Amino acid sequence: MKLAVEKRHEQLKHKGFITAAISLALALLAGSVIFLVFGANPLTAYRFMVSGALGSGYGLSEVVVKSIPLMMTGLAVTLAATMLLWNIGAEGQFVCGALGGTWAALYLTPGWPEPVVLPATIACGMAAGALWAMIPAVLKALWRVSEILTTLLLNYVAIIIMDHLYFGPWRDPEGFGFPGTATLPDAALMPRFFGTRIHLGLVLVIGFVVLLHVVLKRSKWGYTVRVIGQGPEAARYAGLNVKRQILIVMAMSGALAGLAGMAEVSAIHYRLQEGVSVGYGYDGIIVACLAGLRPARVPAFALILGALIVGAEQLQTAMQLPASIAQVLEGALLLGFLASEALSAYRIRVVRPATRPIGST
Amino acid sequence: MANASENQPLLSCRGISKRFGAVEANRSIDLDVHAGEIQAILGENGAGKSTLMSIIAGRYRPDGGEIFINGRAVQFSSPAGALQQGIGMVYQRFMLVKTLTVAENIRLAAGARGKSPSLSAIRSEILELADRYGLSIDPDQPVHELSMGERQRVEILKLLVQSARVLIFDEPTAVLAQPDVEGFFAILQRLKADGCGIVFITHKLEEVLAVADRIAILRRGRIIAQVSPDRIGSKHELARLMVGRELVLRVDKPDVVIGDTVLDVSDLTATDGNGRPAFEDISFSVRRGEIFSIIGVAGNGQTALSEALNGLSAARRGTIRFMGRPYTHETWAEARHPEIAFVPEDRHHAGSIAGMDLADNFILTRLDQAGRGFFLDTGCIATDIQAAVARFNIVAPSARTLAGHLSGGNLQKLILARELSRNPDLFIAEQPTQGLDINATEEIWQALLAQRARSAVLLFTGDLKEAIALSDRIAVMFRGRILDVIDASDSDAVGRIGLLMAGTME
């Protein structure tokens, strides 16, 4: 008797939740190993993480705060991936959104009537993200350049441009040489709620989740996008305009990631400075994968990842462990997802040896 | 070589079966490959050739049956496992790293099996093998600089370096230019003389007669005949064996008044991706009220022609007149033609989207009828699909069933229903009944015959009995050209079709 690994003919039931659960389990397992290496008790560490993230009102509100940009970038990646476009560039679009928002708040809207300042700032942030995403979109639509590479590489370009701006031309002259822009005027700041740092971005992103869920499912345009993603051959046969959809979808994806960057500046940091870009764009890929590329599931997984980040921050103060543990856990989460995704296509079967024909020795 | 057949076969298959869902791709196949012999496997698209070879080469595991090498039962879990036992396959699409040199590619393949010989050892082995089998090649040339014929030689060398004794070739001449084809045949003869067993998959009849020692004909997953070329009188007989000569099903053809000329194609010419002619000087016309068939053995340019007519790719030259409006080859490809409905050959990937439900699939080509505004009108779609399910007798649990879960016949009926509901002036169907059972085939035939009362019907088929049963006129395509257009009511002329399909004009 031996075990054979073979391909499944049909998909697992509830595959999405099973793979998400397995990835979480694998991430926790990998985390335990890391904790042991650092000489910490994994159970204690996880207890600190849970109590830090979920054990207090403040922790919970911070989980939501972290999850807002994750929802936005997760949604951005999800939308593009619905059409089989891998937007690895949400980070760069996030940065450009932050730039667009900062520019609008500091240089465009001063002197404008107050009620239009915030909407204009939001619009500029989203537009900047969309424009940045148009570079890979055009390359892809016209010359079939892999968007995976171009979006990824443009992240570094965006970050360098941002560094240049807040170290150089946009640096606050009254900032005592500290790298960063001046604070944004009050009119350009997103309101916060309930005395926490939870801000208007949450309302906006929930709106976009609902909108995309409905539009992708129920509209003709959403149908077109789904066909291109699920049946590229069928899309060609049906004569769908794939190039135009690449441009539209990438622009929307970039706008969502841009909104995340703009919101971080306008609601959390109040200025463009170091620490605005901490990898929310890359985290969005993990959120999108775990959510099985379904917009409606993005908020839940953004909250889970948010809790992981907040929890890991607690480790730093409580157990003197490096904060980069959070990134290790995120990486393990994504690897776990990829592994369980691949493994779920197979099953393990017990094979009995074939009976020997009569007469053979 | 006369006594080769008395020896134990090099490779022997007994009762090989393989199913994919509802499709029986291979049914209890017995096949022997002897040392020093070329075994041709002949069959139409979808006959099960590729599945069988993938099983022998270790890519698929059979559901039933056994494979013996030199009389010893073997099981492979991968192509590498098969190669370890001496069985290697040259795929239709070459598997080479274009930026690496010949020697590097060959070392890569050998290295994948655990051996990692040095580059110089590989180079001298290549030169020795190349000399022995007449595979002239420069080991240090990068693969992207090589012609298709030379790349094929690299693939062969890859197998020889790993001591393969049974070499399987999947449609080896499909990508080759004519001089390369002759060179390839010379190589086959040398391999054969050296005692290799060769399996040669093709649907080109003249090649089979030219090189094969034995011919196995595969139809609908079964080997229906094993013959030697000297016993086969002519290409004609071979063609008949391949496409089948079952009794033509009785189909009532209602009389229909022939109307206006809907499509008039003249001198249409196109090239394939490699710049070789795909089809040349194609001229024909289709009138409302008739079914015009284009018949041919697969790979004679029909696919390219149908792509060009459906505006999916541009032809190089020629003109088209459609509904009285003139087009050049360029303007035709740019224009949209809502008056044309098309049932594509690949019903699983082009014609439908496996991961979407029936309702979603039903609006693929008729989005304009799926609601007026921005949103899909689900009520209207539901009504339409209910009507289609009832009218075409589509068996499916509900409109929410995924298209990928439908049987081939029901899926095809869904696609047909969708395309017919567009009220086209020209209805194009490509291999509409390929791989379907008798019942589904008949239902689709009835639908096509009924449709000709309303529009012109253009049918691409490789199935002789389908062409005869349905058509008013039949054009025979061979090597990218229409050899003749035959009136289906002329029974003497119809008898010549098999011969024309084999390229013989007489």
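Along each chain, residue indices are assigned from 1 in the same order as the chain's sequence is written. Chain A is the first chain written and ligand 1 is the first ligand written, with later ones labelled in order. This being a predicted model, a pLDDT of at least 70 is required before a residue's local features are given, and a value of 80 or more before pairs of side-chain atoms are given or counted; all residues contribute to the totals for chains, interfaces and linings. Heavy atoms throughout the structure, all of them, feed into the side-chain values; hydrogens and water do not.

## Some thoughts on the overall build of chain B
For the record, the criterion: The secondary structure listing takes helices from DSSP runs of H or I that are at least 4 residues long and strands from runs of E that are at least 2 residues long, numbered from the N terminus. Note on method: radius of gyration uses C-alpha positions; expected globular size equals 2.2 Å times residues raised to 0.38. For every residue, the accessible area (1.4 Å probe, protein chains only) is compared with the maximum for its type, and the residue is labelled buried under 20%, exposed over 50%, or partly exposed between those bounds.
A count of helices and strands for chain B gives 17 helices and 20 strands. Computed over C-alpha atoms, the radius of gyration of chain B comes to 25 Å, within 12% of the 23 Å expected from 2.2 N^0.38 for 506 residues, which places it in the range of a compact globule. Taken along the three principal axes of its C-alpha coordinates, chain B extends 70 × 50 × 45 Å. Counting every position in chain B, which comprises 506 residues, the buried fraction comes to 53%.

## Quick notes on the packing of helix H3 (residues 102-111) of chain B against helix H4 (residues 119-133) of chain B
Two numbers describe a pair of packed helices, the interaxial angle and the distance between the axes. All names here are of chain B. Put simply, the rule is: As a rule, the C-alpha atoms of each element are fitted with a line to give its axis, helices using only the stretch in contact, and angles between N-to-C directions run from 0 to 180 degrees. Note on terminology: angles under 35 degrees are roughly parallel, angles over 145 are roughly antiparallel, angles of 65 to 115 are roughly perpendicular, and the others are oblique. Working rule for contacts: check all heavy atoms of both residues, and any pair within 4.5 Å makes them a contact. Only Asp, Glu, Lys and Arg are considered charged in this grouping, and only Ala, Val, Leu, Ile, Met, Phe, Trp, Tyr, Cys and Pro are considered nonpolar; every other residue, Gly among them, is considered polar.
At their nearest, the axes of H3 and H4 sit 9 Å apart, and the two run at 105° to each other. Between H3 and H4, the crossing angle belongs to the class labelled roughly perpendicular. Together, Val 102, Ala 103, Glu 104, Ile 106 and Arg 107 of H3 and Leu 119, Ile 122 and Ile 126 of H4 make up the contact between the two elements. Grouping the amino acids of the contact of H3 with H4 by side-chain chemistry returns 6 nonpolar, no polar and 2 charged.

## Things to note about the packing of aromatic side chains
Note the threshold: Here is the rule: rings of Phe, Tyr and Trp (six-membered ring for Trp) pair when centre to centre is within 6.5 Å. Planes less than 30 degrees apart are stacked, more than 60 are edge-to-face, and the remainder are tilted.
Going through the model one piece at a time under the given rule, you end up with 14 aromatic pairs over all chains. With a centroid separation of 5.9 Å and an interplanar angle of 55°, the aromatic rings of Phe193(A) and Phe194(A) are classed as tilted. The partly exposed category is assigned to Phe193(A), whose relative accessible area is 25%. The exposure class of Phe194(A) is exposed, given its relative accessible area of 72%. Taken together, a centroid distance of 5.1 Å and an interplanar angle of 80° make the contact between Tyr327(B) and Trp332(B) edge-to-face. Like Tyr327(B), the residue Trp332(B) is buried in the burial classification.

## Description of the sheet that holds strand S9 (residues 214-219) of chain B
All names here are of chain B. How we decide: By the convention used here, strands pair only if DSSP detects at least 2 bridges between them.
If you walk across this open sheet you meet the 6 strands as S6-S7-S8-S3-S9-S10, and the pairing is mixed. Whereas interior strands pair on both sides, the edge strands pair on one side only; in this sheet they are strand S6 (87-90) and strand S10 (222-227). If you compare each strand with its neighbour and ignore which way they point, the axes differ by 20° on average. Direction of pairing for strand S3 (residues 37-43) relative to strand S8 (residues 197-202): parallel, over a ladder of 6 bridges. Bridge pairing links Gln 39 to Val 199 in S8.

## Side note on the sheet that holds strand S1 (residues 11-20) of chain B
Residues and elements named next belong to chain B. In space, the 4 strands of this open sheet follow the order S2-S1-S4-S5, with antiparallel pairing throughout. Since the sheet does not close on itself, it has two edges, and those belong to strand S2 (23-33) and strand S5 (72-74), each with one partner. Going from strand to strand, the sheet's axes swing by 30° on average, the running direction of each strand aside. For S1 and S2, the ladder comprises 7 bridges, and the chain directions are antiparallel. Bridging from a neighbouring strand, Ser 12 pairs with Asp 32 of S2.

## A short note on the packing of H4(B) against helix H5 (residues 148-161) of chain B
Residues and elements named next belong to chain B. Interaxial distance between H4 and H5 falls to 10 Å at its minimum, and their mutual angle equals 110°. In this view, H4 runs roughly perpendicular relative to H5, as classed from their interaxial angle. Counting all contacts with H4, which are made through Ile 122, Glu 125, Ile 126, Leu 129, Ala 130 and Tyr 133, the residues of H5 involved are Leu 157, Leu 160 and Val 161. Residues of the contact of H4 with H5, tallied by class, amount to 8 nonpolar, no polar and 1 charged.

## Comments concerning the nonpolar core
Formally: Put simply, buried Ala, Val, Leu, Ile, Met, Phe, Trp, Tyr and Cys residues joined by side-chain atoms within 4.5 Å make one nonpolar core.
Judged by nonpolar contacts, the single largest core of 141 residues is most densely connected at Leu263(B), Phe284(B), Leu305(B) and Leu458(B). Here the element with the most residues in this core is helix H10 (residues 242-269) of chain A; it accounts for 13 residues. With residues near it in sequence (within four places) discarded, Leu263(B) still touches Phe284(B), Ser285(B), Val286(B), Ile320(B), Arg321(B), Phe322(B), Trp332(B), Leu426(B) and Leu458(B). One finds Val90(B), Ala164(B), Val181(B) and Val211(B) within the second-largest nonpolar core, a separate group that totals 38 residues.

## Examining the pairing of S1(B)
In this structure, S1(B) lies alongside strand S4 (residues 64-69) of chain B, joined through 5 bridges in antiparallel fashion. Within S4(B), the residue paired with Ser17(B) across the bridge is Gly64(B).

## Re the interface of chain A and chain B
Quick reminder of the rule: For any pair of parts, buried area is found by adding up, for both, the accessible area (1.4 Å probe) each one loses once the two are put together. Throughout this description, the term salt bridge denotes a Lys or Arg side-chain nitrogen within 4 Å of a carboxyl oxygen of Asp or Glu.
Across the contact, 19 residues belong to chain A and 29 residues belong to chain B. Summing the contributions of chain A and of chain B, the shared interface buries around 2100 Å²; its carbon and sulfur component is 63%. One can count 2 salt bridges joining chain A with chain B. The set of elements that each furnish at least two residues to the side of chain A that touches chain B consists of helix H7 (200-218), helix H8 (220-230) and helix H9 (232-237) of chain A. Element by element, the count of residues in the side of chain A that touches chain B is highest for H8(A), at 7 residues. The residue makeup of the side of chain A that touches chain B, split by class, is 8 nonpolar, 5 polar and 6 charged.

## Observations regarding unusual backbone geometry
Backbone geometry at Leu293(A) places phi at a positive 60°, although glycine is not the residue there. Within the secondary structure, Leu293(A) is located in the loop between helix H11 (280-290) and helix H12 (298-319). The backbone of Arg479(B) sits at a positive phi, close to 45°, despite the residue not being glycine.

## Topic: the confidence of the model for chain B
Caution applies to low-pLDDT parts of the model: their predicted coordinates are not meant to be read in detail. Residue and element names in this part refer to chain B. Cut-off, in case you're wondering: A residue's pLDDT is the confidence the predictor assigns to it, expressed on a 0 to 100 scale.
With 94% of its residues at a pLDDT of at least 70, chain B reaches an overall mean of 86. Across residues 1-5, where pLDDT falls below 50, the model places 6 contacts with residues more than four positions away in sequence or in other chains. In the model output, the complex is listed with pTM 0.73 alongside ipTM 0.80.

## Observations concerning the environment of Phe20(B)
All names here are of chain B. Relative to the elements of secondary structure, Phe 20 occurs in strand S1. For the pair formed by Phe 20 and Ile 385, sequence separation is 365 residues and the distance between their alpha carbons is 27 Å. If we ignore the near neighbours within four places in the chain, the residues touching Phe 20 are Ala 25, Thr 51 and Tyr 60.

## Here we look at a nonpolar patch on the surface
Note the cut-off: The patch calculation keeps residues exceeding 30% relative accessible area without a salt bridge and links them within 9 Å when they carry like charges or within 5 Å when they are nonpolar (Val, Leu, Ile, Met, Phe, Trp, Tyr). Computed with the Shrake-Rupley method and a 1.4 Å probe, the accessible areas treat only the protein chains shown as cover for residues.
On the surface, Ile206(A), Val210(A), Val214(A), Phe374(B) and Phe375(B) cluster together to form a nonpolar patch covering roughly 420 Å² of accessible area. For Phe374(B), the location among the structural elements is in the loop between helix H11 (358-362) and helix H12 (378-391).

## Some remarks on the side chain of Arg422(B)
Residues and elements named next belong to chain B. Note the threshold: Throughout this description, a polar contact denotes any pair of N or O atoms lying within 3.5 Å of each other; where both atoms belong to protein, one of them has to be capable of donating a hydrogen while the other can accept it, and for residues adjacent in sequence the pair is counted only when both atoms sit in side chains.
Along the chain, Arg 422 falls in the loop between helix H13 (408-420) and strand S17 (426-430). Of note is the side chain of Arg 422, whose polar atom sits 3.4 Å from the backbone oxygen of Ile 340. A polar side-chain atom of Arg 422 sits 2.9 Å from a polar atom in the side chain of Glu 419.

## Brief notes about the pairing of strand S15 (residues 325-328) of chain B
Every regular strand shows the same layout, with side chains that alternate between the two sheet faces. Residue and element names in this part refer to chain B. Inspection of the sheet shows strand S14 (residues 317-322) paired to S15 by 4 bridges, in the antiparallel sense. By the bridge assignment, Ile 320 is partnered in S15 with Tyr 327. Taking the residues that link successive antiparallel strands as the turn, the S14-S15 hairpin has 2 residues, and the phi of Met 323 there is positive, at about 55°.

## Things to note about the pattern of salt bridges
Residue and element names in this part refer to chain B. Scanning the entire structure with this criterion turns up 33 salt bridges over all chains. Two residues, Lys 158 and Glu 155, come together in a salt bridge whose shortest N-O distance is 3.4 Å. A residue pair is termed a helical-turn pair when its members lie 3 or 4 positions apart in one helix, as Lys 158 and Glu 155 do in helix H5 at 3 residues. We note that Lys 158, like Glu 155, is buried. Asp 472 is paired through a salt bridge with Arg 452; the nearest N and O atoms lie 3.1 Å apart. With Asp 472 in the loop between helix H15 (464-470) and strand S19 (473-478) and Arg 452 in the loop between helix H14 (438-451) and strand S18 (456-461), this pair connects stretches of sequence that are 20 residues apart. Judged by relative accessible area, which is 3%, Arg 452 ranks as buried.

## A short note on the environment of Ile156(B)
All names here are of chain B. Take Ile 156: it is sitting in helix H5. Between the alpha carbons of Ile 156 and Ile 106 there is a distance of 9.8 Å; along the sequence they are 50 residues apart. When near neighbours in sequence (up to four residues on either side) are disregarded, Ile 156 contacts Val 90, Leu 135, Leu 167, Phe 169, Phe 184, Ile 187 and Leu 191.

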